[in-house]
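A closer look at the structure
Chain by chain, the residues run as shown.
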Amino acid sequence: MSDPMYRIGDSRISGHGLIALSNIQANTVILEEAPLLHINTERASENFDLDAFLADETGQQSTIIQSGMHALNRSNRAAWDHFRNLQSGFRTRARTSVQDIGRVRRNAFSYDFQGQKWITAYHAICKANHSCRPHAVVDIAASGDNRGSARLIATTFIPADTEILIEYVVDDFFLRPTAQRQAELQPQYDFQCACLDCTNPAVSDPIRARMEGYAKDLKFPGLAWDRATETNQFLRAEGLTWQDLLDTAKAYISDLEKFGMIDPRLYGVYAWCARFYYDRGANEHAHRYSSQALGVIAQFFEGADTEGMGNIFAKTSASSMISRYRFNSM
Ligand SMILES: [Zn+2]
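In this text, all values refer to a predicted model and were calculated from it rather than measured experimentally.

On to the overall build of the protein chain, then. Secondary structure assignment for the protein chain yields twelve helices and eight strands. A burial count over the protein chain gives 28% of its 330 residues as buried. Expressed as a percentage of contacts within the protein chain between residues at least 6 apart in sequence, the contacts between residues at least 24 apart total 69%.

Now the structure itself:
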């Protein structure tokens, strides 16, 4: 077992945080841990009523979380108590279960498995605070023997003694303007984000708006980038050329790199850029984009079943495509 890359310490943002013990390179797995809490939050019913479910989701979650708490085994219960005691600011006289629900709401993660939503909480990863300019992502295994376990992966270089920050809201969150991001964070996590971007929206918002435009033009996630026929049909319909898409993809990737961000949906775009250059015999460019596509696969999809991810990320098609590119370039 190698030395830990982080310690749990006081955060400049809120409560406890994860602090880098040494310099951490991008794409490093900082830590991997099994969940303390792993609960299916869906009611199984043949007559599932979504509106009714949403209407009383809070009540349902309370019941489910409480029963999950009761079902904790002795060591997880001790770990959860430890986690709970580390959380400052909740020393109210409210019933323990009510406090637990608040903690889960603010700290837990969720993922989909076979159409049902599961929530998970972790000893260390749950202590990572939020930034709209994060250093790392949390990758939760959505299937397999270790389903529910999570890895914290650096998306950018993290200097020693830096607090390791993640983005609490995923998907397209990072493309939205500051006011919208804050409006989403506040009710769910009870805090006002004061990251560099939130305090300088005049600087960061135009870049995010530009990136949102690129992402729209790249048609995430509707376009299957690994299927040339479909892409060609799309291009004809839009009056675009492959070069147009390539230019958009390159501009988007360049902005992402400036932000120290990764968009897993880009796997297909990297692969597509590689294909574009292989077809034109520019092997050096092609290899660069191939390796970036492989980097995304290694980070997010290697060793994992692709259940719950879009078809665009299917690992099998990714592998066969990459090998095809390599074959073509020989
Ligand atoms: Zn922020």
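Having seen the structure, we can now continue with the description.
Our focus in this paragraph is the sheet that holds strand β5 (residues 109-113). Pairing within the open sheet is antiparallel, and its three strands lie in the order β4-β6-β5. Edge positions in the sheet fall to β4 (37-40) and β5, since each of these pairs with one other strand and no more. Looking at each pair of strands side by side, their axes are set apart by 25° on average, direction ignored.

Spatial ordering of the open sheet is given by β3-β8-β7, a layout of three strands whose pairing is antiparallel. A single partner strand is all that each edge strand has here, and the edge strands are β3 (29-33) and β7 (136-140). Across the sheet, the mean angle from the axis of one strand to that of its neighbour is 15°, orientation sign disregarded. By the bridge criterion, five bridges tie β7 to strand β8 (residues 150-154) in an arrangement that is antiparallel. Its bridge partner being in β8, Asp-139 is matched across the sheet by Arg-151.

To continue, consider the nonpolar core. The nonpolar side chains of a soluble globular protein tend to be buried, and buried together. One finds Tyr-6, Ile-30, Ile-125, Ala-128, Ala-136, Leu-152 and Ile-164 to be the most contacted residues of the largest nonpolar core, which totals 35 residues. Elements with a contribution of two residues or more to this core: β2 (16-20), β3, β4, β6 (116-121), β7 and β8. No other element matches β8, which puts four residues into this core. Here Ala-136 is in contact with Ile-30, Leu-152, Ile-153, Ala-154, Thr-155, Ile-164 and Ile-166, once residues within four sequence places are set aside. If you look at the next biggest cluster of nonpolar residues, it comprises 13 residues, including Tyr-214, Leu-245, Tyr-277 and Ala-286.

Relative to the elements of secondary structure, Arg-7 occurs in strand β1 (residues 6-10). Each C-alpha atom of the pair Arg-7 and Ile-19 lies 5.3 Å from the other, and the pair is twelve residues apart in sequence. Not counting the four nearest positions on each side in its chain, Arg-7 is found in contact with Ile-19 and Leu-21.

Between the first and last C-alpha of helix α5 (residues 178-189) there are 16 Å, a value that for twelve residues agrees with the 16 Å anticipated at 1.5 Å per step. Two residues or fewer past α5, Asp-190 is found with a positive phi of approximately 60°.

Here we come to unusual backbone geometry. With a phi angle near 75°, Asp-161 is a residue other than glycine that sits in the positive phi range. Tracing the chain through its elements places Asp-161 in the loop between β8 and α5.

On to helix α7 (residues 201-217). Taking 1.5 Å per residue as the helical rise, α7 with its 17 residues ought to reach 24 Å, and the 24 Å between its terminal C-alpha atoms agrees with that figure. All of the buried residues in α7 are Arg-208, Met-211, Tyr-214 and Ala-215. End-on, the buried residues of α7 take up no more than an arc of 115°, which puts them together on one face. Exposed residues on α7 whose side chains face more than 90 degrees from its buried face are Ala-202, Pro-206, Ala-209 and Lys-216.

Now for the environment of Ala-286. Within the element layout of this structure, Ala-286 appears in helix α11 (residues 283-300). In sequence terms Ala-286 and Phe-276 are ten residues apart; their C-alpha atoms lie 7.6 Å from each other.

Right, let's talk about the pairing of β6 for a bit. Note that β4 and β6 share four bridges and pair antiparallel. When the sheet's bridge partners are listed, Ile-39 is paired in β6 with Ile-119. Pairing between β5 and β6: five bridges, direction antiparallel. By the bridge assignment, Ser-110 is partnered in β6 with Ile-119. Hairpin connection of β5 to β6: two residues between the antiparallel strands, including Gln-114 at a positive phi of 50°.

The subject of this paragraph is the confidence of the model for the protein chain. Regions with low pLDDT carry predicted coordinates that are not meant to be interpreted in detail. Here the protein chain averages 70 in pLDDT, and 60% of its residues register 70 or above. Below pLDDT 50 for its whole length, residues 299-330 participates in 48 contacts with residues either more than four positions away or in separate chains.

Okay, the pairing of β8 next. Where burial is concerned, most of β8 is hidden: five out of the five residues are buried. By the alternation rule, side chains of β8 split into Ala-150, Leu-152 and Ala-154 and Arg-151 and Ile-153, which are all buried. With four bridges connecting them, β3 and β8 associate as antiparallel partners. Its bridge partner lying in β8, Glu-32 is registered against Arg-151.

The rules behind the values
Residues numbered from 1 in each chain as written. Predicted model: local features only at pLDDT ≥ 70, side-chain atom pairs only at ≥ 80, totals over all residues. Helix = DSSP H or I, 4+ residues; strand = E, 2+ residues; numbered from the N terminus. Buried ≥ 20, exposed ≤ 12 C-beta atoms within 10 Å, placed from the backbone. Contact = placed C-beta atoms within 7 Å. Pairing = 2+ DSSP bridges. Axes fitted to C-alpha atoms, helices over the stretch in contact; angles between N-to-C directions. Core = buried A, V, L, I, M, F, W, Y, C linked by C-beta atoms within 7 Å. Expected span 1.5 Å × (residues − 1). Arc of directions from axis to C-beta. pLDDT = per-residue confidence, 0-100.

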